[in-house]
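# Residue-level structural notes
Okay, here's what each chain looks like letter by letter:
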Amino acid sequence: MPDAVTLSVDGVSVTMPGGSMVSAAVLKSGITSFRRSVTNEARGPLCGMGICFECRVTIDGEDHRRSCQTVCQSGMDVRTVKNSSNTGRLGTIRVKSRQESDVVVVGAGPAGLAAAYRAAQGGMRTIVVDENPNSGGQIWRSEEQKPTSKEAIAWFEKIRSVNIQFLAGASVFQQSDGRKLLAETPEGVCELSYSDLILATGARERFLPFPGWTLPNVMGAGGLQAIVKTGLPIEGKKLVIAGSGPLLLAVSGYLRGLGADVLLIAEQASPARLARFGVSLLKQSGKAAQALALKRQLKGVRYLMGCWPIAAHGDEELTSVSLQQGTRTWQVSCDYLACGFHLVPNLELAQLLGCKTRNGCVQVSEFQETSVSNIFSVGESTGIGGLELSLIEGEIAGLAVSGNRNEARKLFTLREKQQRFAKILNRTFDLRDELKTLVASNTILCRCEDVTFDRVRAFHSWRAAKLQTRCGMGPCQGRICGSAVEFLLGWQTESVRPPVLPVRLESLVMK
């Protein structure tokens, strides 16, 4: 990998560290508006992980490329909406390939890596498929190339000690026939045949709509961290971190360590809940140590409990945010608002394959097997539980598919301990009802189709709203607005159909 690459962004030369993503290069160039919405609103990155599709640009004449999933290359020509050539070119003619293996793992985050390691260690031919160009998922993003976490270093050493095939930059979008999946890659469509399938599809941030949340430079907490990890300079930038969950603290500590000016952290959970959560950490020595390290790292940063954003302000990009704590409201000027309300499991592929879900999670057996024979699910898709639980679940599934169930049983007690902590975690950061009042009637709920909240709530169900307003029918396919609707209106977002991600037409008809 080169130390640095130089590319063109709207005709301006930008030099980035090797391995950086195009989204970071566009922001570094000073451009915050990547595209225009269907009603001509300025839009920029939100999720930083390829879910929201807000970061689409034209790259080397090819439209609708997700810039947060595309590695910068020297000589690359990037155009945002203001300077797009509007060629409409969708890429070159591609080919269909086939891969056969004993085990296919979808997702190269910690859970997927742990599962793949154990399966390969047991002699299984193993393929790991992931949309990102590099392994590690969101929590270990960039750790393979620039390691900082001792745990990540240890696991990547394990991965290198066994024979695992990686298919990077591949989006699984459909079941083909029987135990076969179709994945779209830059080169074409790859058909993946397997005996056992392990789903490690992870989670995404939950976003709640409020006035101004579509402004460029309003991002998810994890979204901003992801873009910074892939090349965006953050030193000296003024940040407000808001929403809910331990991710807020982790992101704040990471960004402050890189020189960001973290003005405050606004956590919606009450002081009483957070106090009980703090007591529970005392029973988890490792987590208590992490919490103390974060506390030292964030010394001097205001941590406001029972506080949340009520509006973001600006014309073409964010300039300030309004916050509420009790009866007090005030406004803070900032460069970025990083805002996410805990996490939501990614269930779409599991649901497409017929796996049963309950309470927003994939149902699994003691060996992590789903309701569909030979399909396993591990990590955050089975419930939000954190890194340690994800690794344990991955190991159990990998041991199970390789026939080492007795070894897998030895991890059950550790898993149960982490599951108890996960229940406390999710109870602590459960969203308060007051957040349902953040959205105004004319606030955009569906960012892809610019559908406002008042249009959606006029109907009685998610299906009816989709049919009449196109809510949830844009590129993200309801991944952003769906979880918001579940919280705001209590609707269940059903009807997952292939393809589970937007793909080229030629990928759907390729023989």
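Our structure's up above, just so we're on the same page.
Heads up: these notes are all about the structure in this document. (Residues numbered from 1 in each chain as written. Predicted model: local features only at pLDDT ≥ 70, side-chain atom pairs only at ≥ 80, totals over all residues. Heavy atoms only, no water.)

## Things to note about the sheet that holds strand β7 (residues 77-79)
To be explicit about the condition: Whether two strands pair comes down to DSSP finding at least two bridges between them. By the criteria applied, helices consist of DSSP H or I runs no shorter than four residues and strands consist of E runs no shorter than two, each listed in order from the N terminus. Axis definition: a line fit to C-alpha positions, over the contact stretch in the case of helices; interaxial angles, taken between N-to-C directions, run 0 to 180 degrees.
Reading across the sheet, the five strands line up as β2-β1-β7-β5-β6 and stay open at both edges, with mixed pairing between neighbours. For this open sheet the edge positions go to β2 (12-17) and β6 (62-66), each flanked by a neighbour on one side alone. Pairs of neighbouring strands in the sheet enclose a mean axial angle of 40 degrees, with direction left out of account. Pairing analysis gives three bridges linking strand β5 (residues 56-59) to β6, with the strands arranged antiparallel. Bridge pairing in β6 places I59 opposite E62.

## A few points about empty space enclosed by the protein
Cut-off, in case you're wondering: For cavity detection a 1 Å grid was placed over the protein atoms alone, and a set of points counts as a cavity when a 1.4 Å probe fits there but cannot get out; an open set counts as a pocket when protein lies on both sides within 12 Å along at least five of seven lines, with lining residues being those that have an atom within 4 Å of a point. Grid points are joined across faces, edges and corners, and a volume is the space filled by probe spheres set on the points. Each residue is assigned to one class: nonpolar for Ala, Val, Leu, Ile, Met, Phe, Trp, Tyr, Cys and Pro, charged for Asp, Glu, Lys and Arg, and polar for all the others, Gly among them.
Applying the stated criterion across every chain yields a total of two cavities of 30 Å³ or more. There is about 50 Å³ of room inside the largest cavity. Secondary-structure elements contributing two or more residues to the lining of the largest cavity are β17 (218-219) and β24 (336-341). The space that makes up the second largest cavity amounts to roughly 40 Å³. Taken together, P45, L46, C47, G48, G50, I51, C52, F53, E54, C55, R66 and C68 make up the lining of the second largest cavity. Each residue belonging to the lining of the second largest cavity can be placed in one class, and the counts come to eight nonpolar, two polar and two charged.

## So, the pairing of strand β10 (residues 126-130)
The condition that has to hold: Under the scheme applied here, a residue whose accessible area is under 20% of the maximum for its type counts as buried, over 50% as exposed, and between as partly exposed, the area being computed with a 1.4 Å probe on protein chains only. With the strands pointing away from the viewer, any crossover whose connection runs clockwise from the first strand over the helix to the second is right-handed.
Across the five residues that make up β10, a large majority, five, are buried. Residues T126, V128 and D130 point to one face of β10 and I127 and V129 to the other, with burial holding for every one of them. Note on the crossover from strand β9 (residues 103-106) through helix α2 (residues 110-121) to β10: the handedness is right-handed. Sheet topology note: the β10/strand β11 (residues 164-168) ladder contains five bridges and is parallel.

## Observations concerning a nonpolar patch on the surface
Just so we agree on the cut-off: Candidates for patches are residues over 30% relative accessible area with no salt bridge; among them, like charges are joined within 9 Å and nonpolar side chains (Val, Leu, Ile, Met, Phe, Trp, Tyr) within 5 Å. Each accessible area value is a Shrake-Rupley result obtained with a 1.4 Å probe; residue values ignore everything except the protein chains displayed when judging cover. A pair is scored as a salt bridge if a Lys or Arg side-chain nitrogen falls within 4 Å of a carboxyl oxygen belonging to Asp or Glu.
Together, L505, L508 and V509 line one region of the surface with nonpolar side chains, adding up to about 300 Å² of accessible area. If you trace the backbone, L505 turns up in helix α15 (residues 505-509).

## A short note on the sheet that holds strand β18 (residues 238-244)
Strand pairing in a sheet relies on backbone hydrogen bonds, with the paired strands running either antiparallel or parallel. Taken in spatial order, the five strands line up as β17-β24-β18-β19-β20 in an open sheet, and their pairing is parallel. Single-partner strands in this sheet number two, and they are β17 and β20 (302-305). The pairing of β18 with β24 spans six bridges and is classified as parallel. Note on β24: the bridge partner recorded for S244 is F341.

## Here we look at the pairing of strand β14 (residues 188-193)
With six of six residues buried, β14 is to be regarded as a mostly interior element. Across six bridges, strand β13 (residues 180-185) lies against β14 in antiparallel orientation. By the bridge assignment, L182 is partnered in β14 with E191. Hairpin connection between β13 and β14: a loop of two residues separates the two successive antiparallel strands.

## Side note on the pattern of salt bridges
For side chains bearing opposite charge, pairing can occur when the charged atoms are close. On inspection of all chains with the given rule, the structure shows 22 salt bridges. When the shortest N-O distance is used, the salt bridge between E54 and R43 registers 3.1 Å. Note that E54 is positioned in the loop between β4 (42-43) and β5 and R43 in strand β4, a separation of 11 residues in sequence. According to the relative accessible area criterion, E54 is buried, its value standing at 1%. Classification of R43 by relative accessible area gives buried; the value is 0%. Its salt-bridge partner being E407, residue K410 comes within 2.8 Å of it at the nearest N-O pair. A cluster of three or more residues bridged by salt bridges with shared partners is formed by R35, E41, R43, E54, R447 and D450.

## Considerations on unusual backbone geometry
A cis amide bond links P498 to the next residue, P499, at an omega of -5 degrees. Unlike most non-glycine residues, Q368 shows phi in positive territory, near 70 degrees. With a phi angle near 70 degrees, R470 is a residue other than glycine that sits in the positive phi range.

## A look at the side chain of T230
Heads up, the rule is: We call two N or O atoms a polar contact when they sit within 3.5 Å, provided that within protein one can donate a hydrogen and the other can accept it, with sequence-adjacent residues counted only if both atoms are side-chain atoms. The contact definition used throughout considers only heavy atoms, calling two residues in contact when any of these lie within 4.5 Å.
Note on placement: T230 falls in the loop between α4 (221-229) and β18. Overall, T230 belongs to the buried group, its relative accessible area being 6%. Among the polar contacts made by the side chain of T230, one reaches the main-chain carbonyl oxygen of I227 at a distance of 3.1 Å. Contacts of T230, omitting those with residues within four sequence positions, involve S20, M21, A24, R141 and S142.

Spatial relationships are all this shows, so hold off on functional conclusions.
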